[in-house]
Amino acid sequence: MNEYAVKRYRYLNQNAIKGETLFVGSSLMEHFPINEILMSRGISRVIYNRGISGYTIPELLESMDEQIFDLEPSVIFINIGTNDISHQEETAEVFEADYRKVLVEIKERLPKTKVFMMAFYPVNQKVADTVTAWPEAPIAAKLRLQRLGKANGIVEKLAGEFGYRYINVNEGLFGKDGQMLEKYTTDGIHMWPDAYELIFDNMTKYIFE
């Protein structure tokens, strides 16, 4: 558990405006420069980002107050689980059970909140294989490639079960091979800011509906 990030959010939440839109998840959400994008486009909209790098679903469950409930959001975009499926020992059954726990808490404590459950982003194995600063990148990318389809299927099923929306905002990120385009990824898994610009364009119909 990233105690620094959780404590930081605890402080920030004290002055946050309740009832706004929330982005929550792991590093792929934390790196989303949503406020820079909004400002550069002259959009006056409050969106809080409470992603934490490296987080798994069980870790999110330990910090639901700081990452979600303290803000009392009216809309949530959630992208969590890519780190879970990057662990060799993770099973589809455990993944689904853990994700369901998150949704049960949200449904119980924020029954009127609109929730968008995001499809996982593609990865690029070739780029991941060249990364030296992150030795685990090649195996993480390999496991994600093998498991993304099934994981997305589980997320989509859970969305239907809870009355939430499953959305895929990955159009334009990947090539004919289904892997993330090299120009968009820093290490085969994480993305450059221009990739998030594209994702934001794909998300606007949900953000502003």
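The notes below deal with the structure included here. (Residues numbered from 1 in each chain as written. Predicted model: local features only at pLDDT ≥ 70, side-chain atom pairs only at ≥ 80, totals over all residues. Heavy atoms only, no water.)

What to know about the layout of surface pockets
Using a probe with the size of a water molecule, rolled over the atoms, empty space left in the structure can be pinpointed. Filter applied, for reference: We place a 1 Å grid over just the protein atoms. Points where a 1.4 Å probe fits but has no way out form a cavity, open points with protein on both sides within 12 Å along at least 5 of 7 lines form a pocket, and any residue with an atom within 4 Å of a point lines it. Grid points are joined across faces, edges and corners, and a volume is the space filled by probe spheres set on the points. Helix and strand definitions follow DSSP, with helices as H or I runs of at least four residues and strands as E runs of at least two, each counted in order from the N terminus.
Of the volumes computed, that of the largest pocket is approximately 220 Å³. Around the largest pocket sit 14 residues that line it, and Arg 8, Asn 35, Tyr 48, Asn 49 and Arg 50 are the ones nearest its centre. Looking at the lining of the largest pocket, the elements that each hand over two or more residues are α1 (3-13), α3 (34-40) and β2 (47-49).

A closer look at the pattern of salt bridges
Test applied: Salt bridge criterion: a side-chain nitrogen from Lys or Arg within 4 Å of a carboxyl oxygen from Asp or Glu. Each residue is placed in one exposure class: buried if its accessible area under a 1.4 Å probe, protein chains only, is under 20% of its type's maximum, exposed if it is over 50%, and partly exposed if it falls in between.
Per the stated rule, a full pass over the model turns up 11 salt bridges. Residue Arg 10 pairs with Glu 66 through a salt bridge whose shortest N-O separation is 3.0 Å. Of the two residues, Arg 10 is situated in helix α1 and Glu 66 in helix α5 (residues 64-67); the sequence distance between them amounts to 56 residues. Arg 10 sits in the partly exposed class, given a relative accessible area of 38%. The buried category is assigned to Glu 66, whose relative accessible area is 11%. Lys 126 is paired through a salt bridge with Glu 182; the nearest N and O atoms lie 3.5 Å apart. Placement of the pair is Lys 126 in helix α7 (residues 125-128) and Glu 182 in the loop between β5 (165-167) and α9 (193-207), with a sequence separation of 56 residues. Here Glu 182 falls in the partly exposed class, since its relative accessible area comes to 43%.

Comments concerning the packing of aromatic side chains
Filter applied, for reference: The criterion for an aromatic pair is that two Phe, Tyr or Trp rings (for Trp, the six-membered ring) have centres within 6.5 Å, with stacked assigned to planes under 30 degrees apart, edge-to-face to planes over 60 apart and tilted to the rest. We call a charge positioned over a ring when the NZ of a Lys or the CZ of an Arg lies within 6 Å of the ring centre and within 35 degrees of the ring normal.
Under the counting rule described, the total for this entry stands at 8 aromatic pairs. Ring geometry for Phe 77 versus Phe 116: centroids 4.7 Å apart, planes at 10°, classification stacked. In this pair, Phe 77 sits in strand β3 (residues 75-79) while Phe 116 sits in strand β4 (residues 114-118), placing the two residues 39 residues apart along the sequence. Residue Phe 77 is classed as buried on the basis of its relative accessible area of 0%. What makes Phe 116 buried here is its relative accessible area of 0%. Ring plane angle 15° and centroid distance 6.2 Å describe the contact between Phe 162 and Tyr 164, whose orientation is recorded as stacked. For Phe 162, a relative accessible area of 13% puts it in the buried group. These aromatic residues form a ring-pair network of at least three members: Phe 23, Phe 32, Phe 77, Phe 116, Tyr 196 and Tyr 206. Taking NZ or CZ as reference, Arg 109 lies 3.9 Å from the ring centre of Phe 69, over its face.

Considerations on the pairing of strand β1 (residues 21-25)
Test applied: Pairing between strands is defined by DSSP: at least two bridges between them are needed.
Counting buried residues along β1, 5 of its 5 residues qualify, which places the element largely inside the surrounding structure. Burial along β1 is two-sided: Thr 21, Phe 23 and Gly 25 facing one way and Leu 22 and Val 24 facing the other are all buried. One ladder, built from 3 bridges, connects β1 with β2; its direction is parallel. Within β2, the position partnered with Thr 21 by the bridge is Ile 47. Across 5 bridges, the pairing between β1 and β3 is parallel. Each residue of the ladder has a partner; that of Val 24, found in β3, is Ile 78.

Looking at α1
How we decide: The directions from the helix axis to the C-beta atoms are what the arc is built from. Contact criterion: two residues are considered in contact whenever any of their non-hydrogen atoms come within 4.5 Å of each other.
Every buried residue of α1 is accounted for by Ala 5, Val 6, Tyr 9 and Asn 13. Down the axis of α1, the buried side of the element spans an arc of 100°, and every buried residue falls inside it. Away from the buried face of α1 by more than 90 degrees, exposed residues Glu 3, Tyr 4 and Tyr 11 are located. As for α1, its buried residues are in contact with α2 (27-30), β2 and α5.

Section: the nonpolar core
Note the cut-off: For our purposes a nonpolar core is just a set of buried Ala, Val, Leu, Ile, Met, Phe, Trp, Tyr and Cys residues, chained together by side-chain atoms within 4.5 Å.
Membership of the largest hydrophobic core comes to 36 residues, with the highest contact counts inside it found for Ile 68, Ile 76, Ile 78, Phe 95, Tyr 99, Ile 106 and Met 117. Taken together, the elements giving at least two residues each to this core come down to α1, β1, α4 (57-62), β3, α6 (92-109), β4 and α8 (137-162). It is α8 that contributes the most residues to this core, 7 residues altogether. Core analysis: the next-biggest nonpolar cluster, separate from the first, contains 27 residues, Leu 28, Phe 32, Tyr 121 and Ile 207 among them.

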